[in-house]
2 protein chains.
Amino acid sequence: MAQSVLLTGAAGRVGTAILADLADEHEWRLMDRDPMTDDHPGEFVVADITDEEAVREAMDGVDVVIHLAGDPRPDAPWDSVLTNNIDGTQTIFEAAVDADVEKVVFASSNHAVGAYETEERTPDLYRAHDDYLLDGTELPRPGNLYGVSKAAGESIGRYYHDEFGLSVACVRIGNLTEGHPPIDYERGQAMWLSYRDCAHLFDRCIRADYEFEIVYGISDNDRKYYSIERAKEALGYEPQDNSARHD
Amino acid sequence: MAQSVLLTGAAGRVGTAILADLADEHEWRLMDRDPMTDDHPGEFVVADITDEEAVREAMDGVDVVIHLAGDPRPDAPWDSVLTNNIDGTQTIFEAAVDADVEKVVFASSNHAVGAYETEERTPDLYRAHDDYLLDGTELPRPGNLYGVSKAAGESIGRYYHDEFGLSVACVRIGNLTEGHPPIDYERGQAMWLSYRDCAHLFDRCIRADYEFEIVYGISDNDRKYYSIERAKEALGYEPQDNSARHD
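Procedures and definitions
Residues numbered from 1 in each chain as written. Chains lettered and ligands numbered in written order. Predicted model: local features only at pLDDT ≥ 70, side-chain atom pairs only at ≥ 80, totals over all residues. Heavy atoms only, no water. Helix = DSSP H or I, 4+ residues; strand = E, 2+ residues; numbered from the N terminus. Rg over C-alpha atoms; globule rule 2.2 N^0.38 Å. Buried < 20%, exposed > 50% of the residue type's maximum accessible area, 1.4 Å probe, protein only. Contact = heavy atoms within 4.5 Å. Areas by Shrake-Rupley, 256 points an atom, 1.4 Å probe, with all protein chains shown as cover. Lys, Arg positive; Asp, Glu negative; His and termini not counted. Charge placed at Lys NZ, Arg CZ, Asp CG, Glu CD. Least-squares fit on C-alpha atoms with pLDDT ≥ 70 in both. Patch = residues over 30% accessible without salt bridge, like charges linked within 9 Å, V, L, I, M, F, W, Y side chains within 5 Å. Salt bridge = Lys/Arg side-chain N within 4 Å of Asp/Glu carboxyl O. Pairing = 2+ DSSP bridges. Axes fitted to C-alpha atoms, helices over the stretch in contact; angles between N-to-C directions. Phe/Tyr/Trp six-rings, centres within 6.5 Å; stacked < 30°, edge-to-face > 60°. Disulfide = S-S within 2.5 Å. Buried area = accessible area lost by both parts, 1.4 Å probe. UniProt positions renumbered as here; feature names shortened; annotations may be inferred.

A. Geometry of the overall build of chain A. Assigned secondary structure in chain A consists of seven helices and nine strands. A compact globule built from 247 residues would reach a C-alpha radius of gyration of about 18 Å, and chain A, at 17 Å, matches this within 12%. With respect to the three principal axes, the spread of C-alpha positions in chain A is 50 × 35 × 35 Å. Evaluated residue by residue, chain A yields a buried proportion of 61% over its 247 residues. Contacts spanning at least 24 positions in sequence make up 68% of the contacts within chain A whose residues lie at least 6 apart. Accessible surface for chain A amounts to roughly 10,100 Å². Of this, 41% is attributable to carbon and sulfur atoms. Here chain A holds 21 positive side-chain charges and 50 negative ones, and the gap between their average locations is 6 Å.

Take a look at the structure:
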């Protein structure tokens, strides 16, 4: 069934990958602080995630929120991730509860667990023979302050799920690139997420029934050190791509 | 060996418990936004945790920081915990790294995991026959926005440990009361922390050698559903009190 979906940060890379495949699958309300230059489905709201009133207006009549907005830079300074990522995410969840939204899908990040990539584990961690796997039940180990903000967003989502019954999926997105996996970058190949697998995974987050989930958003890469079992079981994720089998 | 310790939030209840037993054990620099009315050891700095310059000055020459300052209300509003607890804690860690402090002890809270106390588990969870235990390796499940802020503080600590090598202990403090355990309050009896066990636990956090730890700060209560094994193993914690054996 088509859902009414609010997509924040719609003009970014993840939003672009989602809309490339799912434009006709749902009723979209897109939000970004920058106008979109390309054609886009549905309505478009130009607003910043820190504008609480605009966020509340954009929630009206929505079934599902996909929350991508925020400062996407791994080296973003603290003040920016505090305001845009942590405070912005709390604004989204609070408004979603007040608007009786059913599900919020939160774009978390591999950087929330980046510090598991210790000197002792790398580069073996990025290679197919190594069987070390993170599965989403481990505590955060952020690799930067951006990762701290994403771990905080997951905790915010957990609270709004437990307290208000909102369905919440946190997707720790890997390395999203269009067309082909990163070249000469083992870490990127390990956590590659193809555009079509990205769109499919978020489609599953829109359609599936769940309570609270933390899943890894990567393709089915031979080199992976993130388990995709939980995404398969809880959401019905069926990735088609693998960085090792890509031409 | 006596250490030079900066204690933030020194005028609060946890600070009071710590200083009651440890006034003569270390060289204290106390900080609080409110002046202390009682006698106190060492230096006293009146400053707010959000005053970055004052925080940086107070770090000078310090071996260990015990960071208690923040909004302590479980029902504190988001804006307050965002500023005082999340942003304030990042300010502390950043300043501690810049000042070459060795250890930061962060006052986390039982509220970071309060939502594990589901309707299905309570009140059995609070009784001695029930063997459900949280051990500090579980993901946060905050029971309120204050708990969200404490979970975020733990992630901030994890990052500063992994990135800069700072020793970090996060103490999920239970229910601290002076003299005797809470009466007619099963939850409080389960997570009671006596004043002397509190002081002893923070003394162990000052003296022990560790990397990054999350431990529960409670007495050895028959009713406990928080494990104190990690506090014993990693820090040498030896609690003397038990809410079930108190007159």
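B. Looking closely at the relation of the copies chain B and chain A. In screw terms, the move from chain B to chain A is a rotation of 180° and a rise of 0.0 Å along the axis, fitting with an RMSD of 0.0 Å. What we have between these two chains is a two-fold relation. By residue overlap, the copies meet face to face through one surface: 100% of the interface positions of chain B are interface positions in chain A.

C. Focus on a negative patch on the surface. All names here are of chain A. A grouping of Asp 51, Glu 53, Glu 57 and Asp 60 is seen on the molecular surface, where their side chains present a negatively charged patch. Tracing the backbone through its elements, the reader meets Glu 53 in helix H2 (residues 52–58). We classify Glu 53 as exposed; its relative accessible area is 58%.

D. The arrangement of the sheet that holds strand E5 (residues 103–109) of chain A in detail. Residue and element names in this part refer to chain A. Taken together, the seven strands give an open sheet; going across it, the order is E3-E2-E1-E4-E5-E6-E9, and neighbouring strands pair in parallel fashion. A single partner strand is all that each edge strand has here, and the edge strands are strand E3 (43–46) and strand E9 (212–217). The mean inter-strand angle of the sheet, taken between neighbouring strand axes irrespective of direction, is 20°. Pairing of strand E6 (residues 167–173) with E9 involves six bridges; the strand directions are parallel. Each bridged residue has a counterpart across the sheet, and for Ile 173 the counterpart in E9 is Gly 217. In the packing of helix H3 (residues 78–98) onto the sheet, contacts are made with strand E1 (4–8), strand E4 (64–67), E5 and E6, and the angle to E5 comes to roughly 165°.

E. Local environment of the packing of aromatic side chains. Following the criterion strictly, the structure yields 14 aromatic pairs over all chains and no others. Pairing Phe 93 of chain A with Tyr 160 of chain A gives two aromatic rings, centres 5.7 Å apart and planes at 15°, and the pair type is stacked. Placement of the pair is Phe 93 of chain A in helix H3 and Tyr 160 of chain A in helix H4 (residues 145–164), with a sequence separation of 67 residues. Where Tyr 159 of chain B meets Tyr 160 of chain B, the ring centres are 4.9 Å apart and the plane angle is 75°; that geometry is what we call edge-to-face.

F. Seen up close, the sheet that holds strand E6 (residues 167–173) of chain B. All names here are of chain B. The seven strands are arranged E3-E2-E1-E4-E5-E6-E9 in an open sheet whose pairing can be described as parallel. On the outer flanks of this sheet lie strand E3 (43–46) and strand E9 (212–217), each paired with one strand and no other. Between one strand and the next, the sheet's axes are offset by a mean angle of 20°, whatever the strand orientation. Sheet topology note: the strand E1 (residues 4–8)/strand E2 (residues 27–32) ladder contains five bridges and is parallel. Looking at the pairing, Leu 6 lines up with Arg 29 of E2. Each of E1, strand E4 (64–67), strand E5 (103–109) and E6 is contacted by helix H3 (residues 78–98), which is oriented at about 165° to E5, the strand it contacts most.

G. Focus on the state of the cysteines. Residue and element names in this part refer to chain A. Tallied over the full model, the rule gives zero disulfides over all chains. Between Cys 198, a free cysteine, and Cys 205, which holds the nearest cysteine sulfur, the sulfur-to-sulfur gap is 9.6 Å. The thiol sulfur of Cys 205 is not disulfide-bonded, and the nearest other cysteine sulfur, from Cys 170, lies at 9.5 Å. Taking the relative accessible area as the measure of exposure, Cys 205 reaches 0% and is therefore buried.

H. How the structure looks around the pattern of salt bridges. With the rule as written, the count across this model stands at 38 salt bridges over all chains. Between Arg 141 of chain A and Asp 162 of chain B there is a salt bridge, with the nearest N and O atoms lying 2.6 Å from each other. Taken together, the residues span two chains, with Arg 141 of chain A in the loop between E5 and H4 and Asp 162 of chain B in helix H4 (residues 145–164). Taking relative accessible area as the criterion, Asp 162 of chain B reaches 26% and is therefore assigned partly exposed. Measuring nitrogen to oxygen at the nearest pair gives 3.9 Å for the salt bridge that ties Glu 229 of chain B to Lys 232 of chain B. Within this pair, Glu 229 of chain B and its partner Lys 232 of chain B are both found in helix H7 (residues 229–235), separated by three residues, close to a single helical turn.

I. Region of interest: the interface of chain B and chain A. Contact with chain B, which involves 27 residues of that partner, is made by 27 residues of chain A. Across the chain B/chain A interface, buried area totals approximately 2,200 Å², and carbon plus sulfur atoms make up 69% of it. Three residues, Trp 78, Leu 139 and Tyr 159 of chain B, lead the burial of chain B against chain A; their summed loss comes to 25% of the area buried on that side. Counting across the interface, chain B meets chain A through two salt bridges.

J. Molecular detail of the UniProt feature "binding site: NAD(+)" (unreviewed entry) in chain A. Residues and elements named next belong to chain A. Under the UniProt annotation, "binding site: NAD(+)" (unreviewed entry) lies at Asn 84, Ser 109, Tyr 146 and Lys 150. With respect to the helices, strands and loops of the structure, Tyr 146 is situated in helix H4. When near neighbours in sequence (up to four residues on either side) are disregarded, Tyr 146 contacts Asp 71, Pro 72, Arg 73, Pro 74, Val 81, Asn 85, Ser 109 and His 111. Following the sequence through the fold, Lys 150 ends up in helix H4. What makes Lys 150 buried here is its relative accessible area of 5%. Sequence-distant contacts of Lys 150, that is, excluding residues within four places in its chain, are made with Asn 85, Phe 106, Ala 107, Ser 108, Ser 109 and Ala 112.

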